[in-house]
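Tertiary structure, described
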Amino acid sequence: MAEALRHHHRGPGMIGARRLLLEPREVPLGGVRGMTVLRALPHRNLPTIGAWCFLDRFGPADTRMRVEPHPHIGLQTVTWPLVGEIRHRDSLGSDADLRRGQLNLMTAGNGISHSEYSIGDDPIPLDALQLWVVLPESARHGGAGFERHTELPTLTLAAEAGTDAEATVVLGEFVGVRSPATVHTPIVGAEIALAAGSTVRLPLRPEWEHALMLVEGDVVVAEHPLDRNALLYLGDSRAEVEVSTTEGALLFILGGEPFEDEIVMWWNFAGRTHDEIVAAREAWEAESSPGAETTRFGAVGGHDVRIPAPPLPDVQLMPRGRRI
């Protein structure tokens, strides 16, 4: 559903407050990974929310995760585990285990490759959010980087009814509290835990756009009940939004300053033109050839195989524009 709402402080260039439900779709990842994920973003009508350009949830499931080395350009990957442990390795030499309450942030810049494995050889309970942030022009051609943050700031949000809510600031800034993770655009990504029977008004920046995802439990957002894994886009022009729960809820809020550039997203790449994507694919395939010297994307230690790039479509890749 989509509903445009009038708001008295809508400014020039702003879209106004909205209620657009982005229902996730099942996406098979296939290959040696053998996993199916739920993808809420990008949406055919909405390629970005702030600089967020991708949101997957993999799990909950008992699984043996084996994501072999694959490349990225032009974005940051944000891995936020809910259950289980994940091992990250990349072409910078990073090797880090990740668990609940911790953040892995990888910046691709002009090129990086990485792998993600569940811990151990047997299936384990695993559940996580995987998000991407598109990089602006000032950062997308730069060097790659990796950060692991084991302690993230939290804050309390006063309840109108029931128990106060607790928020963990994963990326960017929320209600004046800032994550230590590196960002390149004004952005917010935060987890919010609501106690059973509580009602809370979440403060928002009116000049930013926002969306809320229900991770677990039940919630009503701006008088709209959400199903689990649904993403409710709120637009901009809101100073706050009311959320309430009966049984308790875990939410994830994402948003930020609207991203002005149109982007071309294909496979694991975020660029601006068809030719950029073609060049990145060709570089990855060339580096995957026997005896090739790794240059742009590097090599991930401990692996003998890479995920090959899929074939490009027979049409020109075009930027994804907004239709709202």
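What you see is a predicted model; the values in this text were computed from it and never measured. (Residues numbered from 1 in each chain as written. Predicted model: local features only at pLDDT ≥ 70, side-chain atom pairs only at ≥ 80, totals over all residues. Heavy atoms only, no water.)

Turning to the UniProt feature "domain: Pirin C-terminal" (unreviewed entry) in the protein chain, a few remarks are in order. The positions UniProt marks with the feature "domain: Pirin C-terminal" (unreviewed entry) are residues 190-286. Counting secondary structure, residues 190-286 comes out at 13% helix and 51% strand; the distance between its end C-alpha atoms is 39 Å. (UniProt positions renumbered as here; feature names shortened; annotations may be inferred. Helix = DSSP H or I, 4+ residues; strand = E, 2+ residues; numbered from the N terminus.)

Tallied over the entire structure, the rule returns 6 aromatic pairs. Through pairs of rings, three or more aromatic residues link up here, namely Trp266, Trp267, Phe269, Trp284 and Phe297. A cation over a ring is seen here: arginine 89 above tyrosine 117, with NZ or CZ 5.3 Å from the ring centre. (Phe/Tyr/Trp six-rings, centres within 6.5 Å; stacked < 30°, edge-to-face > 60°. Lys NZ or Arg CZ within 6 Å of the ring centre and 35° of its normal.)

Judged from the 3 bridges that link them, strand β4 (residues 36-41) and strand β5 (residues 52-63) form a sheet pairing that is antiparallel. Bridging from a neighbouring strand, arginine 39 pairs with aspartate 56 of β5. Here 9 bridges tie β5 to strand β12 (residues 124-134), and the two strands are oriented antiparallel to one another. Considered in β12, the bridge of phenylalanine 58 is made with alanine 128. (Pairing = 2+ DSSP bridges.)

Okay, the sheet that holds strand β24 (residues 240-244) next. The antiparallel open sheet is built from 5 strands, whose spatial order is β15-β19-β24-β21-β22. Two strands lie at the open edges of the sheet, namely β15 (159-161) and β22 (224-226), each paired on one side alone. Recorded for the sheet is a direction-independent mean angle of 30° between the axes of neighbouring strands. Looking at chain direction, strand β21 (residues 219-221) and β24 are connected through 2 bridges and run antiparallel. In the strand pairing of β24, valine 221 is matched with valine 243. (Axes fitted to C-alpha atoms, helices over the stretch in contact; angles between N-to-C directions.)

A separate point is unusual backbone geometry. Cis geometry is adopted by the peptide bond preceding proline 42, which originates at leucine 41 and carries an omega value of 5°. The amide bond that connects glycine 59 to the next residue, proline 60, takes the cis arrangement and shows omega of 5°. Structurally, proline 60 is set in strand β5. Of note in the backbone geometry, alanine 222 takes a positive phi value of approximately 50° without being a glycine. Following the sequence through the fold, alanine 222 ends up in the loop between β21 and β22.

Along the polypeptide, histidine 303 turns up in the segment after α2 (274-287). Polar side-chain contacts of histidine 303 include one of 2.7 Å to the side chain of serine 115. Those residues within four positions of histidine 303 in sequence are excluded, and the remaining contacts are Glu68, Pro69, Arg89, Ser115 and Tyr117. (Polar contact = N/O pair within 3.5 Å; in protein donor to acceptor, adjacent residues only side chain to side chain. Contact = heavy atoms within 4.5 Å.)

What follows covers the nonpolar core. Trp52, Val78, Leu129 and Leu231 are the most contacted members of the largest nonpolar core, which has 39 residues in total. The element contributing the most residues to this core is β12, with 5 residues. Beyond its immediate sequence surroundings of up to four residues, tryptophan 52 is in contact with Leu41, Pro47, Val78, Leu131, Trp132, Val133, Leu171, Ile187, Val188, Gly189, Leu254 and Gly255. One finds Leu157, Ala190, Ala222 and Leu226 within the second-largest nonpolar core, a separate group that totals 29 residues. (Core = buried A, V, L, I, M, F, W, Y, C linked by side-chain atoms within 4.5 Å. Buried < 20%, exposed > 50% of the residue type's maximum accessible area, 1.4 Å probe, protein only.)

Between its first and last C-alpha atoms α2 spans 20 Å; for 14 residues at 1.5 Å apiece the expected length is 20 Å, and the two agree. Where α2 is concerned, the buried positions are His274, Ile277, Val278, Ala280, Arg281, Ala283, Trp284 and Glu287. Residues of α2 that are buried sit in contact with β6 (66-72), β11 (112-118), β26 (264-266) and β27 (269-271). (Expected span 1.5 Å × (residues − 1).)

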